[in-house]
Every structure is written in C-alpha cells, then in structure tokens.
Amino acid sequence: MEPEDKTPDNRYGEPQKYDPTFKGPIHNRGCTDIVCCILFIVAIIGYFIVGIVAWSHGDPRKVIYPTDSRGQFCGQAGTELEKTPFLFYFNIMKCASPLVLLEFQCPTTQICVEKCPDKFMTLLKAYANPSEMDYYKKFCKPEFAGMTKLSAPEVLRDGYCPAMLIPSRPFTRRCFPALRAKKGVITVDNHTTFDDGMGERRNVTDLLEGAKKANVVLEARQVAMKIFEDYTVSWHWILLGLVIATVISLIFVVLLRFLAGIMVWVMIVLVLLVLGYGIFHCYMEYAALKQTPGADVSIRELGLLTDFTVYLQLRQTWLAFMIILCIIEVVIILLLIFLRKRIVIAIALIKEASRAVGHVMCSLIYPLLTFALLALVIAYWAITAVFLSTSNEPVYKVFPNNTNNESSCIYSRKTCDPQTFNTTNMTKACPDAKCLFAFYGGETYYHKYLIFFQFYNVFLFFWCANFVTALGQVTLAGAFASFYWAFKKPDDMPAFPIFTSLGRALRYHTGSLAFGSLILSIVQVIRVLLEYLDHKLKGHQNKFTKFLLCCLKCCFWCLEKFIKFLNRNAYIMIAIYGKNFCTSARNAFFLLMRNIVRVAVLNKVTEFLLFLGKLLIVGSVGILSFFFFSGRIKPIEDTAPTLNYYWVPILTVVIGSYFIAHGFFSVYGMCVDTLFLCFLEDLERNDGSQERPYFMPDTLLKALKKKNEAKPSE
C-alpha cells in the first residue's frame, strides 16, 4: 500500500506525529476546565434554590381554578366561598391586557358570586331603584354591605362595586359576556351597545376583545382536557405503536450490522416508495373532495381552529400536503443522483460503524439514559416555570376616601393587610382611609426579581439540557474511539467501554462539557430573546427593523449550528486525548480543515443516509397509525378508539417514533463521526511504512483514497 501525499497545510496546525505507543483514548489524564466545573456546580445549586423558593410561593391551582382578587378559590369546600362557585370580573374589558397571559389574572377586581348576572344594569340606575340595588349588591365586594351611606361616585371611587353589569354565562366557572352573532353582528342580549356606567355608550365589540383575551387560557385548557381524554382511551395503542417503532428500529440496526450495503439501498428505495404513496394518497383525497360542499374554502378564510380535523375536509390542505411531499421526493432524487458515487464510500463507513456498534452493544441502550436525564431536566424546568408564574399575590394599599387628602395621609399608597388594617396605626393617622386591592404582584425581593428568576430558569434549562447531550456524545465517542484504536478487537478494548468512557468523562471532563454547553446555551438564549423581541414588536416595526431582526435571527441560527458542529468534534477529541475544551475544539477544527475535501465528500453524505433511515421508520409507523386511528383499516375498524381529535395519538406516535429512531441512529451518527475523526488522525499519524500502518480496514481506506482529490494549496 503506497503512502499518501501528506503535504501539510500549516495554516491549520501541524499534523500528529507517528507514535507506536498510542493505543486510543489516553488513560493518564487530568481534570480540565476546573473553573467552569465549579461555576456549573454553583449554578446547579442556585437552580435548586430557585426551584425551592418558587415551590414555596407558587400555587399551580391558580392556572386551573378561578381565584378572586384575594387569592381565594371560588367554590372551595369548607370555606366561606363554598356557595359562590363562579368568578365575576368587575370590568371584563380590562382583560384585553397582555397581563392576563403573563400572570394568569385580569388586571381588574374579581369576586366569587353565586351566579352570573343575567341583565344589563349600571350602579347609578341601581341606586335610583332600591329593589334593583338588592340584586346589584350580589356583585359587590362583601365589605360593601356596611357602606350603604356612601354615594354611587364614592362606591365607584373606592372600588366596592362594578360600574355596570352585563348579561353573562358561566364558562369553566367564570362569568363571560353572553355574546351572540346574528348575521355577522355581535350582540349581547340583543344589544349592540351598552352603558359602561360612567355615562358613555360602548360597543359590544369592546367586550368581545376582553373576553377573547380572558378566554385564551381557558380554551387551551378545554382543548387540553379533550386531548387528555383521547390519551386515556388510546394510550395502550400509542404504546403499541411506539413498541412497533422500537422493534423496527432495532431490526434495522441489527440488519445494518450484517447487511449494511444492501440495507442502505433498500432503505433508499423504500423511502422513495413511502413518499410516492403519500403523494398518491394526498391526490386521491384532493380529488374525492371535489364535489363536497364547502371543501373549496381556503385555510386563511377558515382561520385558526382547535379541531384540526376540520382542515382535513378542505381540498387546499391535501393540495399543500401533496406539494410538500413532491418537493421532498424531487430533492431526495436529485441528491441521490449527484451523490451516487459518494454513497458507495459512505456505505463502507457505515459498515465499519456497524462493526463498532456490534462490539459495543451497550451503546444502543445508552440513549435511554440520555433521554431519562433530558426528561428530568424538562420536567424540572416546566414545574419551576409554572410555580414562578403563579407566585404573584394580591397587593393591598391604603387609599384615603377623599383623594384631596392623599397628601395629608402619610400612609397613602402604602402596602396594607386587609385582615389587620383596622387594628393598626394607619387607621389612626388616616381615619377615612381604606385598605383596598391594588394589583397582583408582590413587593418582596422575591417578587421584585421574579423576572430574573424566570430568565435564570430558562438559561439553566438550556445549559443542563446541553450538558446532558454533551455527556452522551463524549461517552459514545470514548467507547467507539477505544474500538478504533484497538490492535486486536475486542481483546485490546475495555471490558465495559461505555461505563469506562462515562466514568472518565464525569471524573475528568465535567468542566469541559459544561464549558461547551455554556457557549451553546448563551447563543440559544439570545435566539429566544430575539424571537421574543420580534413577537413584542409585531405591528410596530418598520421595514428596517424587520430586516435587522431577520438578519440577526439568521446569523445566530447559523452560529448555533456551527457551535453544535464544533462542540461535537471537540468532545470526540476530549474523549481521545483528554485536553481542555478550547484546545480540543481548535485541534478538531484544524484537523477537519486539513482534510476539508474528505469532510465534504463523506461526512454529510453519511448523515443524509442515516436521516433517510429515520425518515423511513417514522413514515412507515406514521402511515400505519393514520389508517388505524382514522378507522380506515376495514378488518379492525371497530377496534379503533373513539376520539375527539384522532390526530392526537397519530402525532404522538410519529413524534415518539422519531425520537426512538433518532436514539438508535444517533448512536450510529456519533460512531461515524468518531471513526471518521479517528481515521483522519490515523492517516496523519502513519505514512504507510510502519508494521501496522493503519487501523482502518483496507476496504474503506482504498475507497477513501480513491475518492481523495488534491488538497487545497496554501
């Protein structure tokens, strides 16, 4: 075997020198990036403290159950509100504020009532008619019972009663305006306008906007309840679908071990056939709806609906699906045509990866640990986010009866407790003052810095999730590197490659993994902030601002992809040589740049083939679940469960199948990347004249050398 031309490109560092004693991952190594390790541990401790504080202040029941302005639950058994199960808003129009989405509360006074109002009425008119006032009092604060001597303006000023009542209906135990649409006109009790109690006529559409915002969380809850019902009747079928996806993935991986070349070509043909059938099915559905009334309505005209099955009754939906599948089919065919010669080389590398996986079978189980850790991180983040969002408390402040006397009352606008207000010095200094509800929030240090805690929760979520992913990558890289550099396989390999590599990573390189994860997390948080900024500025930005935000989002997306690529290869170098993150990242980048032609020829082609494998498994299981849950398999039509949304189990099975297939193929992907980087090192370390010049099998070596083109000159 003739040595390869190895003229180094000095712009990207010097190649590794031949070392006859080098046999894979170095055992004699020390701890790396200790400062970042300590920082990560401190951050984790802080994360636990934030969680504990949030759990002690938050109450998730506020998201589900109606609470009045004092934080009491309406209709709760054993309390004074047991007989008042419905929540009444003093001014539903204030619910149009975005605060309702951020704090799960409308910025208006809310009380628990026995039943919702059923007629129009204003406080001024009720004062003029004692019989109507008895009805109106049911929708005032309890303390108003002893304030009968106050005039109507004074009652409104002190916030004891609402300025108006609107005919309402209870929905999820909340009183919402009884809005109706007649021939496109919105009315309440056959009225298009109403008296707002302040002497002005308002349009009913003002109520509609407030009701929409107040109802957005409630509609989501209703959809969630229906989805939960679907899960309760279909969970065993979903589990069966995921088991089928697991079995198919496992069989596929086992067949790759022995029939890699045949399986890759079979996979390519099957992917094209599955996509072709998808195109045919979409066309048949599109043609079948041609004579159906209402099927020609556009998706834009229909708007956003919670029942997604309605969209499947539109021809435009199936036309869109068919066009998307056609584009995917054409793109894949063109890629296969242009990459047909490189696919042969990629198959050779996949064969070697199959041998490596066969010697390290535990690697197929390891993604379960990564998945479990990621599930734990996601659960902790979600629970903490809910508790933080429900940490706001009702704040009461001192309000003098006469606004002209505010300057003379030293406690004016100060925080107070309505339960103990009458026993404090405040009543002596301000005899006519009242302790009234001001807003939801809090004035402790915890509440003042609540937004910081929310940000910290998001940032640590990204950092921990990226750390778990990095740990999985470096563990697999260490195991597969020990396979590559072993002279005699498996005699020269550790007895338990996965556990050996995992222990080595945790003992020596926690800091390096935390460092790489931190860099990636910072970029991801910046992307989240840009998306948030774009959402907040929608409708208020000029063309330049839109262009600038679009450029920033695009640049940071590209930066995130590059950092992920660099981190992945840096972790491989860390697993092999045990150096710190920056050194490993630099060495990996320079190694790839010195062999840029091979990287372009082989690496991405292999990723493409593995992606086709995932696409085949997900597509097959997805089509099977679609026909089953939609009741289109005649022999077992009666077996399919009755569902509110049959897309719920289908989507769950498809997403679950993707993660299962991704778990198996991510092992192959990491194996291919590790073997590829090791092979590049091998070519630079050896000149072909040594007793055992190359660790890579001759078949792959010949294929790569045959395809290797001249390297770029300096």
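Scroll up for the structure.
Since we're looking at a predicted model, the values are computed, not measured. (Residues numbered from 1 in each chain as written. Predicted model: local features only at pLDDT ≥ 70, side-chain atom pairs only at ≥ 80, totals over all residues. Heavy atoms only, no water.)

Asks: Can you walk me through the overall build of the protein chain in this structure?
Replies: Check the secondary structure of the protein chain and you find 21 helices and 13 strands. Across the 714 residues in the protein chain, those meeting the buried criterion constitute 46%. Surface exposure of the protein chain reaches about 36,900 Å², of which carbon and sulfur atoms provide 65%. (Helix = DSSP H or I, 4+ residues; strand = E, 2+ residues; numbered from the N terminus. Buried < 20%, exposed > 50% of the residue type's maximum accessible area, 1.4 Å probe, protein only. Areas by Shrake-Rupley, 256 points an atom, 1.4 Å probe, with all protein chains shown as cover.)

Asks: Looking at this model, I keep getting lost on the packing of helix α14 (residues 450-484) against helix α17 (residues 543-577). Mind explaining?
Replies: Relative placement of two packed helices is described by the angle separating their axes and the distance separating the axes. At a minimum axis distance of 8 Å, the contact between α14 and α17 shows a crossing angle of 50°. In terms of orientation, α14 and α17 fall into the oblique class. Note on packing geometry: the crossing formed by α14 with α17 is right-handed. Seen from α14, the contacting residues are A470, Q473, V474, A477, G478 and A481; seen from α17, they are R568, Y571, I572, I574, A575 and I576. Residues that form the contact of α14 with α17 fall into these classes: nine nonpolar, two polar and one charged. (Axes fitted to C-alpha atoms, helices over the stretch in contact; angles between N-to-C directions. Parallel < 35°, antiparallel > 145°, perpendicular 65-115°, else oblique. Left-handed = near helix turned anticlockwise from the far one by under 90°. Contact = heavy atoms within 4.5 Å. Nonpolar A, V, L, I, M, F, W, Y, C, P; charged D, E, K, R; others polar.)

Asks: For this particular structure, what's the right way to read unusual backbone geometry?
Replies: Excluding glycine, most residues fall at negative phi; most peptide bonds, likewise, are trans. A positive phi angle, close to 50°, is found at D33, a residue other than glycine. Within the element layout of this structure, D33 appears in the segment before α1 (34-57).

Asks: In this structure, what is going on with the state of the cysteines? I would like to understand it.
Replies: Covalently bonding the sulfur atom of one cysteine to the sulfur atom of another cysteine gives a disulfide. Scanning all chains against the criterion turns up three disulfides. Between the sulfur atoms of C116 and its disulfide mate C175 the distance is 2.0 Å. An S-S torsion of about -85° defines the bridge between C116 and C175 as left-handed. Highlighted residues: C116 in the loop between β2 (110-113) and β3 (121-122) and C175 in strand β6 (residues 174-177), separated in sequence by 59 residues. Classification of C175 as buried rests on a relative accessible area of 4%. Cysteine C555 remains unbridged, with the sulfur of C554 as its closest cysteine sulfur at 5.7 Å. (Disulfide = S-S within 2.5 Å.)

Asks: What am I meant to see in helix α9 (residues 315-338) here?
Replies: Three- or four-residue spacings in an α-helix give side chains the same orientation, since the helix completes a turn every 3.6 residues. Counted at 1.5 Å a residue, the expected span for α9 with its 24 residues is 34 Å, and the 35 Å between its end C-alpha atoms agrees. All buried positions along α9 are accounted for by R315, T317, W318, M322, L325, E329, I332 and L336. (Expected span 1.5 Å × (residues − 1).)

Asks: Got a minute to help me understand helix α15 (residues 497-508) in this structure?
Replies: With 12 residues, α15 extends 16 Å from end C-alpha to end C-alpha; this agrees with the ideal 16 Å at 1.5 Å per step. Within α15, the full set of buried residues consists of P497, I498, S501, L502, R504, A505 and Y508. What you see down the axis of α15 is that its buried residues fit within an arc of 165°, all on one side. For α15, the exposed residues set more than 90 degrees away from the buried face come down to F499 and R507. Here the buried face of α15 lies against α11 (366-389), α14, α16 (510-536) and α17. (Arc of directions from axis to C-beta.)

Asks: Mind showing me how you'd approach the packing of aromatic side chains here?
Replies: Aromatic rings in a pair are described by how distant their centres are and how their planes are angled relative to each other. Per the stated rule, a full pass over the model turns up 28 aromatic pairs. Seen in terms of ring centroids, F88 and F90 are 6.2 Å apart; in terms of plane orientation they differ by 55°. Their pairing is tilted. Residue F90 is classed as buried on the basis of its relative accessible area of 9%. Ring geometry for Y658 and F659: centres 6.0 Å apart, planes at 70°, overall edge-to-face. For Y658, a relative accessible area of 33% gives the class partly exposed. By the ring-pair criterion, three or more aromatic residues cluster together here, those being Y47, F48, W55, Y380, F387, F452, F453 and Y456. When the ring centre of Y135 is taken as reference, the NZ or CZ atom of K119 above it lies at 4.6 Å. Across the ring face of Y286, the terminal group of R315 is positioned such that the distance to the ring centre comes to 4.0 Å. (Phe/Tyr/Trp six-rings, centres within 6.5 Å; stacked < 30°, edge-to-face > 60°. Lys NZ or Arg CZ within 6 Å of the ring centre and 35° of its normal.)

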